[in-house]
Amino acid sequence: MKKSIGLGCLALVLGAVLILGMGGCSSYNGLVSQQQNVEKAWAQVETVYQRRLDLIPNLEATVEGQAGFEKSTLTEIATARASINQIRLAPGQTPDEATMKQFESAQGGLGSALGRLLAVSENYPQLRANEGFMSLQAELAGTENRISVERGRFNEAAASYNTAIRSIPAVFYAAALGFQGKAYFKSTAGAAEPPKVQFNLGNKPAPPSAAVPVPAAPAPVK
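Fair warning: this is a prediction, and the values are worked out from it, not measured in the lab. (Residues numbered from 1 in each chain as written. Predicted model: local features only at pLDDT ≥ 70, side-chain atom pairs only at ≥ 80, totals over all residues. Heavy atoms only, no water.)

Asker: For this particular structure, what's the right way to read the packing of helix α2 (residues 71-85) against helix α3 (residues 97-121)?
Answerer: The relative placement of two packed helices comes down to the angle between their axes together with the axis-to-axis distance. It is at 8 Å that the axes of α2 and α3 come closest, and there the two elements cross at 160°. With respect to α3, the axis of α2 lies roughly antiparallel. The hand of the α2/α3 crossing is left-handed. Facing Thr73, Leu74, Glu76, Ile77, Ala80, Arg81, Ser83 and Ile84 of α2, the residues of α3 in contact are Ala106, Gln107, Gly109, Leu110, Ala113, Leu114, Arg116, Leu117 and Val120. Split by residue class, the contact of α2 with α3 holds ten nonpolar, four polar and three charged. (Axes fitted to C-alpha atoms, helices over the stretch in contact; angles between N-to-C directions. Helix = DSSP H or I, 4+ residues; strand = E, 2+ residues; numbered from the N terminus. Parallel < 35°, antiparallel > 145°, perpendicular 65-115°, else oblique. Left-handed = near helix turned anticlockwise from the far one by under 90°. Contact = heavy atoms within 4.5 Å. Nonpolar A, V, L, I, M, F, W, Y, C, P; charged D, E, K, R; others polar.)

Following this line, the structure appears as C-alpha cells:
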C-alpha cells in the first residue's frame, strides 16, 4: 500500500515537472519569437533612415546648382551626416539605451537640417520650379512618414518583448539566458517639426503716423 502511494506521489511530481518543463519551453520559444520581431522591426527602421541618407546627395547637388543658395545650410547637413556615421551599431542587433539616445539625437539633427533646407528653398522661385527638386522633396516627405511609422512599430514590438521578459515564468530565467530589455525611441515633443525660417525681405513696415490734431470749431457769431 505504501509502495503504491509512493509511486503515485512520484508520478504526480514527474507530471508536474513535465508540465512546468513544457511551459518553460513554450515560454522560451515565445521570447525568441518576440526578440526576432524586435530585431526585424529595427531592421526596417535602419532601412528607412538609410533611404533618407541616400536621397541627400541628389538633393544637395540640386540646390548647389542654385546661384546664391545658403552654404551654411549645406554645411549643417554635412555635419549632421558625419555625426550619424560616427555611431557604431552592431549588425543585426538593436542598440542599447545609451547608443539609442546617440542615434536618435544624430538622426534628429539631420532631420532638422533638412527641414531648414526645404524652408530656405521657399525663397528661390527657380528652385521651386525645378521638377527634380520637387520630386526629391516629395520622396523625402514620404520617407519621413515611413520613418515615423517604422519607429512606432519598433516601439510596439519592443514594448511587447519587454513585457514578456518581465512576466512569469520568463522573469525567472530570461536574464540568465541573455534576454535583455530593449530601448525605445523617445523623441521630444516637436523634434520632428521643421524650424521656422524668417526671411529678410528688406521692407520694414512704416511706423504709425502721428496723430494729427483736429482744429477746434470756430466760436459762434453773436
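Asker: Which parts of the structure should I look at to understand the pattern of salt bridges?
Answerer: A side chain with one charge can pair with a side chain of the opposite charge if their charged atoms come near. If you walk through the whole model with that rule in mind, you get eight salt bridges. For Arg81, the salt bridge goes to Glu60, with nearest N and O atoms at 3.2 Å. Of this pair, Arg81 sits in helix α2 while Glu60 sits in helix α1 (residues 2-64); the two residues are 21 residues apart in sequence, bridging distant segments of the chain. Among the ionic pairs, Glu150 bridges to Arg146, the shortest N-O distance being 2.5 Å. On the criterion of helical spacing, the pair formed by Glu150 and Arg146 is a turn pair, its members being four residues apart in helix α5 (residues 131-165). Residue classification places Glu150 among the buried positions, given a relative accessible area of 4%. Salt bridges sharing partners connect three or more residues here, namely Arg146, Glu150 and Arg153. (Salt bridge = Lys/Arg side-chain N within 4 Å of Asp/Glu carboxyl O. Buried < 20%, exposed > 50% of the residue type's maximum accessible area, 1.4 Å probe, protein only.)

Asker: Which parts of the structure should I look at to understand unusual backbone geometry?
Answerer: A negative phi holds for most residues other than glycine; trans holds for most peptide bonds. For the peptide bond that leads from Ile168 to Pro169, omega is 5°, which places it in the cis range. In this fold, Pro169 is placed in the segment after α5.

Asker: Where do I start with α5 in this structure?
Answerer: Quick reminder: α-helices carry 3.6 residues per turn. Residues three or four places apart thus point the same way. With 35 residues, α5 should cover 51 Å at 1.5 Å per step; its first-to-last C-alpha distance of 51 Å lies within 8% of that length. Capping of α5 at its N-terminal end is provided by Asn130; its side-chain oxygen lies 2.8 Å from the backbone amide nitrogen of Gly132. (Expected span 1.5 Å × (residues − 1). Polar contact = N/O pair within 3.5 Å; in protein donor to acceptor, adjacent residues only side chain to side chain.)

Asker: Could you clarify how one ought to interpret the nonpolar core in this entry?
Answerer: When a protein is soluble and globular, its nonpolar side chains tend to lie buried together. One finds Leu31, Phe69, Leu110, Leu117 and Phe154 to be the most contacted residues of the largest nonpolar core, which totals 45 residues. Taken together, the elements giving at least two residues each to this core come down to α1, α2, α3 and α5. Considering every element that reaches this core, the biggest residue donor is α1, with twelve residues. Residues within four places of Phe154 in sequence aside, it is in contact with Val38, Ala41, Trp42, Val45, Thr94, Met100, Ala183 and Phe185. (Core = buried A, V, L, I, M, F, W, Y, C linked by side-chain atoms within 4.5 Å.)

Asker: So what exactly am I meant to see when it comes to the packing of aromatic side chains here?
Answerer: Each aromatic ring pair is summarised here by two numbers: the centre-to-centre distance and the angle between the ring planes. Under the counting rule described, the total for this entry stands at eight aromatic pairs. Residues Phe69 and Tyr124 carry aromatic rings whose centres are separated by 5.2 Å and whose planes lie at 40° to one another, so their mutual orientation is tilted. Placement of the pair is Phe69 in the loop between α1 and α2 and Tyr124 in the loop between α3 and α4 (125-128), with a sequence separation of 55 residues. Taking relative accessible area as the criterion, Phe69 reaches 2% and is therefore assigned buried. The rings of Trp42, Tyr49, Phe103, Phe154 and Phe185 are connected pair by pair, giving a single aromatic cluster. Of note, Lys182 hangs over the ring of Tyr161, and the distance from its end group to the ring centre comes to 5.6 Å. (Phe/Tyr/Trp six-rings, centres within 6.5 Å; stacked < 30°, edge-to-face > 60°. Lys NZ or Arg CZ within 6 Å of the ring centre and 35° of its normal.)

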